[in-house]
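Now for the letters of each chain:
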Amino acid sequence: MAVTSVQSGLATLAVTDRGSGAALVFLHAGVADKRSWGEVIEALAVLKPIRSVAYDRRGFGASTWLPEPHSHVGDLIAVLDACSIESAMLVGCSQGAKVALDASLAYPERISGLVLISPAVSGAPKPPDSMFATWSRLLMDEIEMAEMSDDLDSVNELEARLWLDGSVGWDNRVQGTPRDLFLDMNGIALRADDVGECVDDTLNAWKRLRKLEARANALPPVKVPSHRISTKIVSGDLDLPHVSNRAELLHKMMAPSEYFNIDRCAHLVEMQAPSQVARIIASNL
């Protein structure tokens, strides 16, 4: 029977569970919810017999919660257990990719592969000011001013320009259903009640991967445990430069991995090139 919700602590996580076959779990960005994966899941269903599970984290979509100390990785494991999934490929975008990567390091036996889109990484260094183009700095300043004024509608529209449209000169580049969906998903997240402290904030995947990379490249070479999970890393050519740069660095740190840069896409590649993302995922199944 398909799972529609999962209890984890004081949260009830809304779940979409469809199909059968190899299990994939989709983890949404911090400006979205599980609906952002809809077209990718539809495209994948045509390509491969798979079981697709997507869920809304605390503070997003149709999930409900009371504030409490919590772990997004713990919530993910609760979803796997409730769905009777022993091992799954994780597909995550941005903050969802961060959860996926943290989970793969904490529970490697539960994760069969990773697809990391526009990935955030726990413990990654703050990008230098030189990595931010003038357009992005100005836009983020506008977002900050709108937040200070508690003008959430303006914050939502500005964040659509930043994360959906991307590079300078492309305001309102993405229209129709994807934009309407973004504004609805992010609007819910912006108005969500407090979820409590996330205990995952102390995780540091960046430092752990850097150590593995350094030891693997040592002379003379030494045999050390490595990140053995098959990994694909995806970015959009219109995303913020520091995000694309981080994705390329992560590709090198997690060698052997595959890297894909998708044309005419900003941060939410899965909403702008769902068929391409589906093909990238399917090639590893």
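Rules used throughout
- Residues numbered from 1 in each chain as written.
- Predicted model: local features only at pLDDT ≥ 70, side-chain atom pairs only at ≥ 80, totals over all residues.
- Heavy atoms only, no water.
- Helix = DSSP H or I, 4+ residues; strand = E, 2+ residues; numbered from the N terminus.
- Rg over C-alpha atoms; globule rule 2.2 N^0.38 Å.
- Buried < 20%, exposed > 50% of the residue type's maximum accessible area, 1.4 Å probe, protein only.
- Contact = heavy atoms within 4.5 Å.
- Lys, Arg positive; Asp, Glu negative; His and termini not counted.
- Charge placed at Lys NZ, Arg CZ, Asp CG, Glu CD.
- Axes fitted to C-alpha atoms, helices over the stretch in contact; angles between N-to-C directions.
- Parallel < 35°, antiparallel > 145°, perpendicular 65-115°, else oblique.
- Left-handed = near helix turned anticlockwise from the far one by under 90°.
- Nonpolar A, V, L, I, M, F, W, Y, C, P; charged D, E, K, R; others polar.
- Pairing = 2+ DSSP bridges.
- Expected span 1.5 Å × (residues − 1).
- Salt bridge = Lys/Arg side-chain N within 4 Å of Asp/Glu carboxyl O.
- Phe/Tyr/Trp six-rings, centres within 6.5 Å; stacked < 30°, edge-to-face > 60°.
- Lys NZ or Arg CZ within 6 Å of the ring centre and 35° of its normal.

Section: the overall build of the chain
- Looking only at helices and strands, one finds ten helices and eight strands in the chain.
- For the chain, whose C-alpha radius of gyration is 18 Å, the value lies close to the compact-globule estimate of 19 Å for 285 residues.
- Dimensions of the chain, computed from the C-alpha atoms along their principal axes, are close to 55 × 50 × 40 Å.
- The buried share of the chain, taken over its 285 residues, is 52%.
- Counted over contacts in the chain with a minimum sequence separation of 6, partners at least 24 positions apart contribute 74%.
- Taking the average place of the 27 positive charges on the side chains of the chain and the average place of its 37 negative ones, the gap between the two points comes to 10 Å.

Some remarks on the packing of helix α1 (residues 38–47) against helix α10 (residues 274–282)
- At a minimum axis separation of 8 Å, α1 and α10 run at an interaxial angle of 50°. Between α1 and α10, the crossing angle belongs to the class labelled oblique. For the element pair α1 and α10, the recorded crossing hand is right-handed. Taken together, the residues of α10 that come into contact with α1 (itself represented by Glu39, Val40, Ala43, Leu44 and Leu47) are Pro274, Ser275, Val277, Ala278, Arg279, Ile281 and Ala282.
- Taken together, the residues of the contact of α1 with α10 sort by class into nine nonpolar, one polar and two charged.

Examining the sheet that holds strand β2 (residues 11–19)
- Read from one edge to the other, the open sheet built from eight strands follows the order β1-β2-β4-β3-β5-β6-β7-β8, with strand pairing classed as mixed. Only two strands of the sheet have a single neighbouring strand rather than two, namely β1 (5–8) and β8 (258–262). Averaged over all pairs of adjacent strands, the angle between their axes in this sheet comes to 20°, without regard to strand direction.
- When strand β5 (residues 88–93) meets strand β6 (residues 111–117), the two strands line up parallel, connected through six bridges. Residue pairing for β6: Met89 is matched across the bridge by Gly113.
- Seen against the sheet, helix α2 (residues 72–82) touches β1, β2, β3 (22–27), β4 (50–55) and β5 and runs at an angle of roughly 130° to β1.

Describing helix α6 (residues 177–190)
- The terminal C-alpha atoms of α6 lie 20 Å apart, and with 14 residues this matches the ideal 20 Å at 1.5 Å per residue to within 8%.
- Where α6 is concerned, the buried positions are Pro178, Arg179, Phe182, Leu183, Met185, Asn186, Gly187 and Ala189.
- Those residues of α6 that are buried lie in contact with α5 (152–165) and α9 (269–272).

So, the pattern of salt bridges
- If you walk through the whole model with that rule in mind, you get ten salt bridges.
- In this structure, Arg35 engages Asp184 in a salt bridge whose closest nitrogen and oxygen atoms are separated by 2.7 Å. On the criterion of sequence distance, the pair formed by Arg35 in the loop between β3 and α1 and Asp184 in helix α6 is long-range, its members being 149 residues apart.
- Accessibility expressed as a relative area gives 35% for Arg35, which makes it partly exposed.
- Looking at Asp184, the relative accessible area reads 37%, which means it is partly exposed.
- The closest approach of N and O atoms between Glu68 and Arg58, which form a salt bridge, is 2.8 Å.

Digging into the packing of aromatic side chains
- With the rule as written, the count across this model stands at one aromatic pair.
- Arg57 extends its terminal NZ or CZ atom over the ring of Phe60, reaching a point 5.1 Å from the ring centre.

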